[in-house]
Amino acid sequence: NKTENQMLVIFGASGDLTARKLVPAIVSLAQDGYLPENFVVLGASRTPYSDGEFRKKVVLESKYLDEKMENGQEKFLAEFSDKLFYHELSDDQSSDYAPLKKRMESLNSDYGTDANYMFYLSTPPSAYGPISKNLYNQGLTEEDQGWRRLIVEKPFGYSLKSAKELNEKLHRYFKESQIFRIDHYLGKETVQNLLVTRFANSIFEPLWNRHYIHHVEITSAESGGIGKRGKYYDKSGALRDMFQSHLLQIVALIIMEPPLSADAEEIRNEKLKALKSLRIMTDPEVLRRDTIRAQYISATVDGKEVKGYRQEENVDPESKTETYAALKFYVDNWRWADVPFYVRTAKRMPTKVTEAVIHFKTPHHQIFKDSSMHSKDNKLIIRIQPDEGILIKFGVKVPGQGFKVERANLDFYYSSLTDSHVMEAYERLLLDAMQGDATLYARADEVEAAWAFVDPILKYWKDSNQNVYGYSAGAWGPKNADELLEGHHTWRNPGE
Ligand code: BG6
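Residues numbered from 1 in each chain as written. Predicted model: local features only at pLDDT ≥ 70, side-chain atom pairs only at ≥ 80, totals over all residues. Heavy atoms only, no water.

Draft legend 1. Just the packing of aromatic side chains, in detail. Within the structure shown, the criterion is met by 21 aromatic pairs. Between Y136 and Y173, the ring centres sit 5.2 Å apart and the planes meet at 50°, which makes this aromatic pair tilted. Of this pair, Y136 sits in helix α6 (residues 128–137) while Y173 sits in helix α7 (residues 160–173), and the two are 37 residues apart along the sequence. Taken together, the ring pairs connect Y232, Y233, Y296, Y309, Y324 and Y471 into an aromatic cluster. Against the face of F85 rests R55, its NZ or CZ located 5.1 Å from the ring centre. A cation sits over an aromatic face here: K188 above Y185, 4.6 Å from the ring centre. (Phe/Tyr/Trp six-rings, centres within 6.5 Å; stacked < 30°, edge-to-face > 60°. Helix = DSSP H or I, 4+ residues; strand = E, 2+ residues; numbered from the N terminus. Lys NZ or Arg CZ within 6 Å of the ring centre and 35° of its normal.)

Draft legend 2. Broad picture of the site of the ligand. Close to the ligand lie K154, H184, Y185, K188, E222, R229, D241, M242, H246, K347, K352 and Q385. Between an oxygen atom of the ligand and a side-chain N or O atom of K188, the distance comes to 2.6 Å. Interatomic distance of 2.5 Å between a side-chain N/O atom of D241 and an oxygen atom of the ligand. Computed on the free molecule, the ligand has an accessible area of 400 Å², of which 80% lies beneath the protein chains in the complex. In terms of residue count, the dominant contributor to the shell around the ligand is helix α10 (residues 238–255) (three residues). Of the residues that constitute the shell around the ligand, the class distribution is two nonpolar, three polar and seven charged. (Near = heavy atom within 4 Å. Polar contact = N/O pair within 3.5 Å; in protein donor to acceptor, adjacent residues only side chain to side chain. Areas by Shrake-Rupley, 256 points an atom, 1.4 Å probe, with all protein chains shown as cover. Nonpolar A, V, L, I, M, F, W, Y, C, P; charged D, E, K, R; others polar.)

Draft legend 3. Just the nonpolar core, in detail. Core analysis: the biggest nonpolar cluster contains 149 residues, and F11, F119, Y120, F243, F329 and F453 have the highest contact counts within it. Broken down by element, this core gets its largest block of residues, 12 residues, from α10. Contact partners of F329, with chain neighbours within four places excluded, come to F243, V251, L278, M281, V339, P340, F341, V343 and F453. (Core = buried A, V, L, I, M, F, W, Y, C linked by side-chain atoms within 4.5 Å. Buried < 20%, exposed > 50% of the residue type's maximum accessible area, 1.4 Å probe, protein only. Contact = heavy atoms within 4.5 Å.)

Draft legend 4. Structural context of the sheet that holds strand β8 (residues 291–297). If you trace the nine strands from one edge of the open sheet to the other, you get β16-β15-β14-β13-β7-β12-β11-β8-β17, paired in mixed fashion. Both edges of this open sheet fall to β16 (405–413) and β17 (468–472), since each of them pairs with a single strand only. Strand-to-strand, the axes of this sheet are offset by a mean angle of 20°, without reference to chain direction. One ladder, built from five bridges, connects strand β14 (residues 379–385) with strand β15 (residues 389–397); its direction is antiparallel. Its bridge partner being in β15, I381 is matched across the sheet by L391. Across the sheet, helix α8 (residues 189–199) is in contact with β14 and β15; its angle to β14 comes to roughly 145°. (Pairing = 2+ DSSP bridges. Axes fitted to C-alpha atoms, helices over the stretch in contact; angles between N-to-C directions.)

Okay, structure coming up:
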């Protein structure tokens, strides 16, 4: 694919994301030769930086590029930083946008970026509307000369209502085809590989349905707490922060029907259908039984005292915001009828890991009684991070007399495929947007369908005052979460 000459304009450029993720991603793209010949970055935000100060902050003295510096890349980075510029602006001050336009036009003519403008909104969502409107009023969304694209960060809305309002606002100023909603999980190789595992093989797909699959389990655990993000997190919680976006995207890729082709619209149409087939929980009894929320409480982890959630900075000491969420739900369609899905996500768990486990049904008739497998099902484990790979668990005969069956592993590690640099999520997604490929971006209707599923749960938790359980920091969540899995199943705790 061709990457045309262009200018990347980052709003909220003085913020953490620009230094931590965006600029390192662009540096890697530059190192790998993916940037077009003529390319500049214009950072825009309220902090009054000069071009030089901005370059120092995000490139020359950035701790996020340390590794690259050590590799003897100083000269490369110095040249690279010459492509970065800064413009002071208040997102919502309409009078600031004529000067911005002027600056863009002069950079465009000096650096030959062919009036192709990519706007990246790394700001709170409340600024998306005002920025888009101001750009529109300056004629900067019109594609009369080059193309104009808009990348927006998550969270995309706070509820179904606010997501719809946000979509309506953006659609006043940009066409849907110009809008790229980022979900960085879609930029992860292993998440994309879900499509390949399912649709480039003939050995999994025939089994990928209610006749052979007993249940599906997804765990997305983080060992870290909420860090300095209390202000954001306390208003968000695990269900909004992780489940509505990243985890439902993974679910959609697991449950979707085969798309006609790998074309962006075909894949997104199928993902939308998948998300619309999630059974929306409305019955209070079901909501009480099948949804669990919890918060981490202080504990000693690896010899260190770790704060509880309610003691974290900028968190309400009586907060009910969940740092752990576990759900059981169903997918109402032909393929998945009656197959339960168990999904959990949390901060402050024992380790950082994301994996999806497809549990197959046990054989209809057990011939081998002498089985030491504590659970007899075959499992396909998709390790999304870390140790990216795929693991199949199956029964084998133990050598010797009789038919003793034991569990064996067929284990594939991504790292065995290549020594070369695997693109980071942000790198891959930025490059796709620069090339106009929206396959790995969430479409308006997908985001709304995901909110439609999550909204009633959030509402129930709030209105019913659903119990907020505690779990010790560094543990696999509250004990009650096992009850979700009913009887003979337990959560698979990766690494245990
Ligand atoms: C972000 C969430 O979207 O994803 C964070 O806001 C979370 O709370 C992060 O920590 C997890 O991403 P990753 O790539 O580290 O698994």
